[in-house]
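Analysis of the macromolecular model
Listed below are the residues making up each chain.
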Amino acid sequence: MDLHLAATTWLVPPLVLLAGAVAGLIAHKVLHAVGKRAASSTPFAIDNLLMTHFRLPARLVLILLGMLVARQLAPLPQGIRVDVDHAFTICWIGALAWVVIAAVDLGESLLLSRFDLDKRDNLRARQIVTKLKVFKRIAVVIIIILALAGALMTFQSVRAVGASLLASAGVAGIVLGFSAQKTIATIFAGVQIALTQPIRIDDVVVVEGEWGRIEEITFTYVVVAIWDQRRLILPITYFIDHPFQNWTRTRADILGTVFLYTDYTVELEGLRAELTRIVHEEAGDLWDGRLAILQVTDARERDLELRALVSASDGSKAWDLRCLVRERLIEYLRREQPEALPRVRIEEGPLEREKST
């Protein structure tokens with residue numbers, strides 16, 4: 001009889017709780033399948049986003065609901081009833097935090113769906129996307145910290161520690177300030193980046209001698225996608241403390257430069273005509289039609305410095321256009337004006353001519 005009572009007391013409650021968890025999991029699968037089918041039959045995007053972002057949090061909530069119902073039916077022993085209820089409380093705090101984070105992700109996705117980073121004039125979109133991503137990460141960190149604090153405060157010993165810390169908040173604040181000054185500086189740098197926006201998502205920048213695009217802005221670092229598919233990882237404070245070039249700060253279009261060095265005998269009008277032919281006939285969509293000029297920017301002892309200025313709609317096209325113009329102008333000089341290529345002259349004076357005769 002005692003053995004049967006012990007089995008009833010210690011085996012039945014876990015089995016009942018497990019059954020409740022399985023029932024919640026089955027309910028989630030059924031509801032998710034029904035919701036997914038309903039969402040696919042509507043023209044709205046929000047229901048598909050709801051199914052995507054809340055799938056896992058909803059599973060945890062339904063499992064906890066099933067176990068909560070089973071908890072009311074399971075005759076838990078008095079010795080573990082308090083511990084089980086405490087565990088349930090912590091799980092519900094975590095589930096609530098997960099639901100709130102999913103809601104933040106849903107809001108971000110809804111707002112991001114309204115902006116297109118691929119269009120040519122995407123300055124407004126890049127401003128909004130940068131703010132959204134930075135503040136979303138700040139919100140997630142705050143939610144996690146509050147959830148951890150709430151879970152810890154369910155322990156009586158932690159409450160006592162918290163009360164003593166509050167009593168010595170001044171000293172604790174000073175110690176925390178010294179020990180976490182870099183973290184605090186990083187947080188303020190992230191907020192400053194989001195508000196003032198010296199960089200934005202998809203901005204073209206030149207940093208540490210590398211040309212690339214801002215691919216990701218996190219809470220602590222920035223990822224720059226370099227043109228050759230490398231990734232440059234920089235702390236977010238770098239863009240507050242160091243100078244860098246931002247080619248798309250206010251607009252994406254840019255001027256590209258091509259320098260040539262020629263002899264003084266170069267025929268400039270022919271070279272200008274060739275530049276005009278290149279941008280009109282060969283450049284295609286690389287040239288945006290705004291500017292294509294050739295200027296003599298320096299006259300040095302042995303050669304001329306020529307600068308071709310061409311305009312493009314963005315930095316990537318400007319680079320390709322510069323390469324094309326440089327190649328075609330060099331080909332033109334070699335083909336049509338070979339005497340205009342840089343050279344070093346040696347002329348014989350009267351004394352040298354007498355010796356040669």
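Model, not experiment: these values are computed from the prediction.

**Focus on the pattern of salt bridges**
For the structure shown, the criterion picks out 19 salt bridges. When the shortest N-O distance is used, the salt bridge between Asp105 and Lys136 registers 3.1 Å. On the criterion of sequence distance, the pair formed by Asp105 in helix 5 (residues 78–112) and Lys136 in helix 6 (residues 123–152) is long-range, its members being 31 residues apart. Of the charged contacts, one joins Arg290 and Asp253 as a salt bridge, the two residues approaching to 3.9 Å between their closest N and O atoms. Here Arg290 is found in the loop between helix 11 (268–282) and strand 7 (292–299), whereas its partner Asp253 is found in the loop between strand 5 (245–246) and strand 6 (254–262), with 37 residues between them in sequence. Judged by relative accessible area, Arg290 falls into the partly exposed class, the value being 44%. In this structure Asp253 comes out as buried when scored by relative accessible area, which is 16%. Look at the salt bridges and you will find they share partners, linking Glu274, Arg277, Glu281, Glu282, Glu327, Arg328 and Glu331 into a network.

**Re the sheet that holds strand 2 (residues 210–217)**
Reading across the sheet, the five strands line up as 4-3-2-1-5 and stay open at both edges, with antiparallel pairing between neighbours. The strands lining the two open edges of the sheet, one partner per strand, are strand 4 (231–235) and strand 5. Direction of pairing for strand 3 (residues 221–226) relative to strand 4: antiparallel, over a ladder of five bridges. Across the sheet, Ala225 pairs through a bridge with Arg231, a residue of strand 4.

**Some thoughts on the packing of aromatic side chains**
We describe a pair of aromatic rings using the distance from one ring centre to the other and the angle between the two ring planes. According to the stated counting rule, one finds three aromatic pairs in the structure shown. A ring pair is formed by Tyr238 and Phe239, whose centres lie 5.5 Å apart and whose planes are at 75 degrees; its orientation type is edge-to-face. Judged by relative accessible area, which is 10%, Tyr238 ranks as buried. According to the relative accessible area criterion, Phe239 is buried, its value standing at 4%. In textbook terms, an aromatic cluster arises when at least three aromatic residues are bridged by ring pairs, as seen for Tyr238, Phe239 and Phe244.

**As for the sheet that holds strand 7**
Taken in spatial order, the three strands of this open sheet run 6-8-7, and their pairing is antiparallel. Looking at the sheet topology across the chains shown, the edges are occupied by strand 6 and strand 7. With strand direction ignored, the average angle separating the axes of adjacent strands in the sheet is 25 degrees. Bridge analysis of strand 6 against strand 8 (residues 304–312) gives nine bridges, and the strand direction is antiparallel. Looking across to strand 8, one finds that Phe259 is bridged to Arg307. Sheet contacts for helix 11: strand 7 and strand 8; angle to strand 7, the most-contacted strand, approximately 145 degrees.

**Thoughts on the nonpolar core**
Counting residues in each nonpolar core, the largest one holds 22 residues, and the members touching the most others are Leu271, Leu275, Ala308, Leu321, Val325, Leu329 and Leu333. Only strand 6, helix 11, strand 8 and helix 12 (315–336) provide two or more residues apiece to this core. In terms of residue count, the dominant contributor to this core is helix 12 (six residues). Core analysis: the second largest hydrophobic core is formed by 20 residues, Ile193, Ile199, Val207 and Leu234 among them.

Conventions and cut-offs
Residues numbered from 1 in each chain as written. Predicted model: local features only at pLDDT ≥ 70, side-chain atom pairs only at ≥ 80, totals over all residues. Heavy atoms only, no water. Salt bridge = Lys/Arg side-chain N within 4 Å of Asp/Glu carboxyl O. Helix = DSSP H or I, 4+ residues; strand = E, 2+ residues; numbered from the N terminus. Buried < 20%, exposed > 50% of the residue type's maximum accessible area, 1.4 Å probe, protein only. Pairing = 2+ DSSP bridges. Phe/Tyr/Trp six-rings, centres within 6.5 Å; stacked < 30°, edge-to-face > 60°. Axes fitted to C-alpha atoms, helices over the stretch in contact; angles between N-to-C directions. Contact = heavy atoms within 4.5 Å. Core = buried A, V, L, I, M, F, W, Y, C linked by side-chain atoms within 4.5 Å.

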